[in-house]
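Chain by chain, the residues run as shown.
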Amino acid sequence: MMKLEQAREQFKTIAARLKAYQYVLGLANWDMSTLAPPKGKQAAAKAIGVLSGERFAITVSPELREVVETILANKDEATRVEVREAELLYEDMEKLEKIPKEEYQEYSELQSTSMFVWEDAKEQNDFDMFAPYLEKILYFSRRFAKLTKPDMHPYNACLDDYEKGVTMTELDAFFGAVREKTVPLVERIAKDGRAIRDDFMLRTYPVDKQEEISRRLLELIGFDMKAGVMAASEHPFTNEITTGDVRLTTHFYENMLTSAMLSTVHEGGHGLYEQHAQLSPVVGGTTLATGVSMGIHESQSRFYENSIGRSLPFWEYFFPILKDAYPQQLADVTLEEFYRAINIAKPGLIRIEADELTYNLHIMVRYELEKLLLEGSVAVKDLPRLWNEKYEAYLGVTPPDNARGVLQDVHWSGGMLGYFPSYALGNAYAAQMFATMRKTLDFDGLCRKGDLAPIGAWLNENVHQYGCLKKPGELIVDITGESLNPQYLTDYLQDKFEKVYF
Ligand code: ZN
């Protein structure tokens, strides 16, 4: 058996190669969603498929396996970071080894292709155009679940990829708790809540100013523009490219005042997590220098979007700045009116435009449909009808077309089945962390001054700097003293929306 010293040396070499692939693939994916011209996309998808296949080969190579096994056999001598790196790679290896290389490559290519097919399908409101791709994605998801985690329900296997340890049993209970508290409040608001003025939200807000404001918001939350980029894309996302390079996108709408701002702050929360992890004294430069799970990642983005971006103290600081940018459009609007308008709780069609209160119900629809799709108890062609029925049942609205219904989100086109529940878990983690943060930080006072640095520092100290070192469950217990508890979320929502509406 190899010695630990030798394993360390080899690991450095292999990790550098993996990082190089991640860099090129990250850039290529970024480019596909932002700048690449339509006629180049097919070939780009092909190239991405080839490179992914090569990266895959490294991940399952006997060389890497030997290195990882050596580290794991010398746990006492190795550092905590080295052990965790080896453990995570070992898990990946065990999983990927069970997938034939050709299939993995075919799947990677399919992911890229189907993402731009989805873009066209959404634009043309044509579900039939997208359906065959979704069928193939589902085929691979089910097949890979069976190959890699044969003892698990295929949907639990998908969930496990994004939030290790979380299963349908826990999520059924979680959504049950959220639904029990949310639905009556939504109904009470509809019946007795005060009328909230929002006419000004749909006035014309030229995009160049919106872009300026978005950049200013990113600076304010501490996103380092020297280690990051902001661009526009159809669906906002964040890509960690390499150390010192985190890229995020937003989407500007001329007739929606807050859509781009809040998406930018949301992606900024993801970006900050990545930037801090990359430069962390604990995990920086290692394979652990990234977000630990989708749920924890979403807790950071939702925290910035909602706990800060939809809070009254923050807008006490920022509303005058916004008014300066749009003096005519906002001349007749008070801070209070604006604050209430960005917190209107009204069931709607679009997840990314949803308010904090009804948001989790949007996730519940997707959660239930994914379960059915993975089980194979529902055909892809029936998806639009089922989608619309569930929207009617939980939110009381029916999409007039598929673009505003089943085609609205990018995730399924990229093969990300099992991802959606992370959004709701993220809200719950965020609320739980927020309650703890408030014990030691004057959150309201800091927001009123526009001094968000101590808040970013708190998150860095408690979450970001650890990257993947601590498991999600461990992280939340270390920070808050207890495991995930949906009550923090339901209490937070109750308290906030009581004040907004009554
Ligand atoms: Zn997000």
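Details of the structure are given in the entry above.
Residues numbered from 1 in each chain as written. Predicted model: local features only at pLDDT ≥ 70, side-chain atom pairs only at ≥ 80, totals over all residues. Heavy atoms only, no water.

Asks: Describe in detail the environment of Pro421, supporting the description with residues and values.
Replies: With respect to the helices, strands and loops of the structure, Pro421 is situated in helix α16 (residues 421-440). For the pair Pro421 and Leu159, spaced 262 residues apart in the sequence, the C-alpha separation amounts to 8.1 Å. Not counting the four nearest positions on each side in its chain, Pro421 is found in contact with Tyr155, Leu159, Leu171, Ile363, Tyr367 and Glu370. (Helix = DSSP H or I, 4+ residues; strand = E, 2+ residues; numbered from the N terminus. Contact = heavy atoms within 4.5 Å.)

Asks: Before we move on, could you go through the packing of aromatic side chains and cite the residues and values that matter?
Replies: The full count for this structure, using the stated rule, is 28 aromatic pairs. Measuring from ring centre to ring centre gives 6.1 Å for Phe303 and Phe443, while their planes differ by 70°; the resulting arrangement is edge-to-face. Separated by 140 residues along the polypeptide, Phe303 in helix α11 (residues 294-308) and Phe443 in helix α17 (residues 443-449) bring together distant segments of the chain. Taking relative accessible area as the criterion, Phe303 reaches 3% and is therefore assigned buried. Measuring from centroid to centroid gives 5.6 Å for Trp315 and Phe318, while their planes differ by 80°, and the two rings are edge-to-face. Of this pair, Trp315 and Phe318 both sit in helix α12 (residues 312-325), three residues apart, which is roughly one turn of that helix. Neither Trp315 nor Phe318 differs from the other in exposure class; each is buried. One aromatic cluster is present, formed by Tyr162, Tyr359, Trp387, Tyr391, Trp412, Tyr419, Phe420 and Tyr423 through successive ring pairs. Lying over the aromatic face of Tyr133, Lys136 brings its terminal NZ or CZ to 5.1 Å of the ring centre. One residue, Arg188, lies across the ring of Phe502, its end atom 4.5 Å from the ring centre. (Phe/Tyr/Trp six-rings, centres within 6.5 Å; stacked < 30°, edge-to-face > 60°. Buried < 20%, exposed > 50% of the residue type's maximum accessible area, 1.4 Å probe, protein only. Lys NZ or Arg CZ within 6 Å of the ring centre and 35° of its normal.)

Asks: Give me the lowdown on the side chain of Thr238, citing residues and values where you can.
Replies: By secondary structure assignment, the location of Thr238 is in strand β2 (residues 238-242). Thr238 gets classed as buried once you look at its relative accessible area, which sits at 18%. One polar contact links Thr238 to Glu267, side chain to side chain, over a distance of 2.6 Å. (Polar contact = N/O pair within 3.5 Å; in protein donor to acceptor, adjacent residues only side chain to side chain.)

Asks: How would you explain helix α8 (residues 168-192) if you had to name every residue and give the values?
Replies: With 25 residues, α8 should reach 36 Å at 1.5 Å per residue; the first-to-last C-alpha distance of 35 Å fits that figure. Along α8, the largest kink reaches about 25° and is centred on Arg179. The set of residues buried in α8 consists of Met168, Leu171, Phe174, Phe175, Val178, Thr182, Leu185, Val186 and Ile189. Where α8 is buried, its residues meet α7 (154-162), α14 (356-375), α16 and α20 (487-501). (Expected span 1.5 Å × (residues − 1). Bend = angle between axes of the 7 residues up to and from the residue.)

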